[in-house]
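Analysis of the macromolecular model
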Amino acid sequence: MKILHIDSNHPLLINQLNTLGFTNHENYVDSKENIQKSIHEYDGFIIRSRFSIDKAFIDSATNLKFIGRVGAGLENIDCNYAEQKGITLIAAPEGNRNAVGEHSLAMLLSLFNKLNKADREVRNGQWLRENNRGLELDGKTVGIIGYGNMGKAFARKLRGFDVNVLCYDLKTNIGDSNATQVNLAQLQEQVDVLSLHTPENPSTINMVNTNFINAFKKPFWLINTARGKSVVTKDLVTALQSGKILGAGLDVLEYEKSSFENLFTSNNMPEPFKYLIKSQNVILSPHVAGWTIESKEKLAQTIVNKIQEKFC
């Protein structure tokens, strides 16, 4: 079987696939259009996020048996159409779930203890102890929306704290010893902290909007290490300004795309984003919650293992 790789990954991915007897070709520079012209030659296709896999691309991949995405989700693939064509879809959420859990916890603790704000002030010669008095996580109720690989990993990280952990998911009977499953109304009634761990799909895009936020009984802290389009940024800013949301840790943004950096060089920076980058109670990171030294290797190994199990 011949496999085409269009994004660079940990070298073990190709090395181990070679050992298993696959023929591996790499093409990290050609356009989607050029790759589409030759995709019929391949049995397997390995991607991260360089471009989307749509119906036209799938139709050109007449011999394709699988698509492997070295990441947690498959939202850049037309999954329904690929499966109709008999193509096996392989993702690797097991590979970076621990990294996401740790990053989510790091954002939450940094917000509670004002670490980013305090660090900037000390570097500028300000020693403001009372202004940086923090909060303790113990005694709080943490709500997790999306209790799959990522949500469960975050819940495991919370076991060392005296917290009440609730989870909400469309699937039933998935609560465990780390989180009690509740309905959405119950979660909104009780939580002090909300952490999103949902995929991107029609039901999660713009999920966190004004109506959703106002349904929470108490002001709460928001952590989003899932997908940027799940949160309506202008509604988040309104809630931050009113105090309905006490602070936010955002690893992902509504404005994410390959030209993200252009927001800083043009006159088109959205007003809500201007607020976020100036806010003292907002922490931002560039979609790296799942990107650690360890997860790069684990993601690649997960893809190899799943290909081996299915095709060897």
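Refer to the structure printed above.
Below or above, wherever it landed, is the structure these notes cover. (Residues numbered from 1 in each chain as written. Predicted model: local features only at pLDDT ≥ 70, side-chain atom pairs only at ≥ 80, totals over all residues. Heavy atoms only, no water.)

Quick notes on the pattern of salt bridges
Counting across every chain of the model gives 13 salt bridges. Of the charged contacts in the structure, one is a salt bridge between E130 and R133, with a shortest N-O distance of 2.8 Å. For R133, a relative accessible area of 56% translates into the label exposed. For K274, the salt bridge is made with E271, and the minimal N-O distance between the two is 3.0 Å. One end of the pair is K274 and the other is E271, both in helix α11 (residues 271-278) and 3 residues apart, which spans about a single turn. Taking the relative accessible area as the measure of exposure, K274 reaches 30% and is therefore partly exposed. (Salt bridge = Lys/Arg side-chain N within 4 Å of Asp/Glu carboxyl O. Buried < 20%, exposed > 50% of the residue type's maximum accessible area, 1.4 Å probe, protein only. Helix = DSSP H or I, 4+ residues; strand = E, 2+ residues; numbered from the N terminus.)

Overview of the sheet that holds strand β8 (residues 180-181)
With respect to topology, 7 strands assemble into an open sheet ordered β8-β7-β6-β9-β10-β11-β12, the strand pairing being parallel. Only two strands of the sheet have a single neighbouring strand rather than two, namely β8 and β12 (282-284). Pairing of strand β7 (residues 164-168) with β8 involves 2 bridges; the strand directions are parallel. Looking at the pairing, L166 lines up with T180 of β8. (Pairing = 2+ DSSP bridges.)

Here's the deal with empty space enclosed by the protein
Within this structure, the stated rule accounts for 1 cavity of 30 Å³ or more. For the largest cavity, the calculated volume is near 40 Å³. Taken together, N224, G228, V231, T233, L236, L250, V252, L253, E254 and L276 form the lining of the largest cavity. In the lining of the largest cavity, the residues fall into 6 nonpolar, 3 polar and 1 charged. (1 Å grid on protein atoms, 1.4 Å probe; cavity = no way out; pocket = protein on both sides within 12 Å on 5 of 7 lines; lining within 4 Å. Points joined across faces, edges and corners; volume = space filled by probe spheres on them. Nonpolar A, V, L, I, M, F, W, Y, C, P; charged D, E, K, R; others polar.)

A short note on the environment of T225
Among the structural elements, T225 can be located in the loop between β10 (220-224) and α10 (233-242). Sequence separation between T225 and N132 is 93 residues; the distance between their C-alpha atoms is 25 Å. Once residues within four sequence positions are removed from consideration, T225 is found in contact with V100, H103, S104, M107, L196, H197, D251, V252 and A289. Of the polar contacts made by the side chain of T225, one reaches the side chain of S104; its length is 3.1 Å. (Contact = heavy atoms within 4.5 Å. Polar contact = N/O pair within 3.5 Å; in protein donor to acceptor, adjacent residues only side chain to side chain.)

Focus: the packing of helix α5 (residues 93-112) against helix α12 (residues 293-311)
Between α5 and α12, whose axes approach to 7 Å, the crossing angle comes to 155°. Relative to α12, the element α5 is oriented roughly antiparallel. Residues P93, E94, G95, N96, N98 and A99 of α5 touch α12, and the partners they reach there are S295, K298, L299, T302 and K306. When grouped by side-chain class, the residues that make up the contact of α5 with α12 number 3 nonpolar, 5 polar and 3 charged. (Axes fitted to C-alpha atoms, helices over the stretch in contact; angles between N-to-C directions. Parallel < 35°, antiparallel > 145°, perpendicular 65-115°, else oblique.)

Concerning a nonpolar patch on the surface
Side chains of F264, I277 and L284 sit close together on the surface and give an oily, nonpolar patch of about 260 Å² of accessible area. Relative to the elements of secondary structure, F264 occurs in the loop between β11 (245-250) and α11. (Patch = residues over 30% accessible without salt bridge, like charges linked within 9 Å, V, L, I, M, F, W, Y side chains within 5 Å. Areas by Shrake-Rupley, 256 points an atom, 1.4 Å probe, with all protein chains shown as cover.)

A look at the sheet that holds strand β3 (residues 44-47)
Pairing is parallel across the open sheet formed by 5 strands, whose spatial order is β2-β1-β3-β4-β5. The open sheet is flanked by β2 (23-26) and β5 (88-90), the only strands paired with a single partner. Going from strand to strand, the sheet's axes swing by 20° on average, the running direction of each strand aside. Pairing analysis gives 4 bridges linking β3 to strand β4 (residues 66-69), with the strands arranged parallel. Within the sheet, the bridge partner assigned to F45 lies in β4 and is I67. Across the sheet, α12 touches β3, β4 and β5, and the angle it forms with β5 is around 155°.

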